[in-house]
Amino acid sequence: LLLEAQDLLRQIETAGGQSGELTQFKQELEPLLGSVLQERQVEGALFFDLEIIKAGALGNNFILSGEQMIILDKNQNSIYAVGLNDKKSTILAGGEKLPGASFLADLNGSLYVLAEQGFYKANKIPELKIKKDEEWGSILNIAGFAGNLYLLTSGEIWKYSSGEEGFGSKQKWLK
């Protein structure tokens, strides 16, 4: 009911309705909505400044892996790790070896990066594990789960199963 009242209030304001009673109602409604919906105003605090690792560093894609936050810097084609507890940082991979890096995924404790040529296992010297496939189209995100790599595209979800020899061929996840 409170959300409906808020919506009606917006409609009245959009239509040009203004009055002292309307302003008073709005002032009473906002804190009531906040308490019922359990919304809180919080001030964000800087967790870690990536400039400490590398000048001009910028985080574009983040994942959690164990006790670390893994950060992809698309501008510098670099991957950083920051400890969640101790905030110790390191550069995991990057440079010319990962051109066009766009997404990160953790699969069974191993880090994978989607770059221009396909999927790389992110070691000090990244290894190409899955070559880019034109059928992928525009990739929206990637994830590792239960021994598989998944690619979310605008039209499909592709699944790559991992094995001892590497990855199998892609499969449509949705049937």
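Everything that follows concerns the structure shown earlier in this document.
Source: prediction; values computed, not measured.

### Things to note about the sheet that holds strand E2 (residues 68–73)
Here is step 1 of the chain: Here four strands make up an open sheet; going across it, the order is E1-E2-E3-E4 and the pairing antiparallel. In this open sheet, the two edge strands, each paired with only one partner strand, are strand E1 (61–65) and strand E4 (89–94). On average, adjacent strands in this sheet sit at an angle of 25° to one another, irrespective of strand direction.
Here is step 2 of the chain: Relative to strand E3 (residues 78–83), E2 runs antiparallel, the two sharing six bridges. Counterpart to Met 69 in the pairing with E3 is Val 82.

### Looking at unusual backbone geometry
Here is step 1 of the chain: The phi angle at Asn 77 is positive, at roughly 45°, despite the residue not being glycine.
Here is step 2 of the chain: The phi dihedral of Lys 87 is positive, around 60°, even though this residue is not glycine.
Here is step 3 of the chain: For Lys 87, the location among the structural elements is in the loop between E3 and E4.

### A short note on the sheet that holds strand E6 (residues 110–115)
Here is step 1 of the chain: With antiparallel pairing, the four strands of this open sheet are ordered in space as E5-E6-E7-E8. In the strand order of this sheet, the two ends are held by strand E5 (103–107) and strand E8 (127–131), each with one partner. On average, each strand axis in the sheet is tilted by 30° relative to the strand beside it, whichever way the strands run.

### Remarks on the packing of aromatic side chains
Here is step 1 of the chain: Overall, the coordinates contain four aromatic pairs when judged by the stated rule.
Here is step 2 of the chain: Here Phe 119 and Trp 136 contribute two aromatic rings whose centre-to-centre distance is 5.9 Å and whose plane-to-plane angle is 70°, an arrangement assigned as edge-to-face. With Phe 119 in strand E7 (residues 118–121) and Trp 136 in the loop between E8 and strand E9 (139–145), the pair connects residues that are 17 residues apart, well separated along the chain.
Here is step 3 of the chain: Ring plane angle 90° and centroid distance 6.3 Å describe the contact between Trp 136 and Tyr 160, whose orientation is recorded as edge-to-face. With a gap of 24 residues between them, Trp 136 in the loop between E8 and E9 and Tyr 160 in strand E11 (residues 157–163) connect regions that are remote in the sequence.

Cut-offs used in this document
Residues numbered from 1 in each chain as written. Predicted model: local features only at pLDDT ≥ 70, side-chain atom pairs only at ≥ 80, totals over all residues. Heavy atoms only, no water. Pairing = 2+ DSSP bridges. Helix = DSSP H or I, 4+ residues; strand = E, 2+ residues; numbered from the N terminus. Axes fitted to C-alpha atoms, helices over the stretch in contact; angles between N-to-C directions. Phe/Tyr/Trp six-rings, centres within 6.5 Å; stacked < 30°, edge-to-face > 60°.

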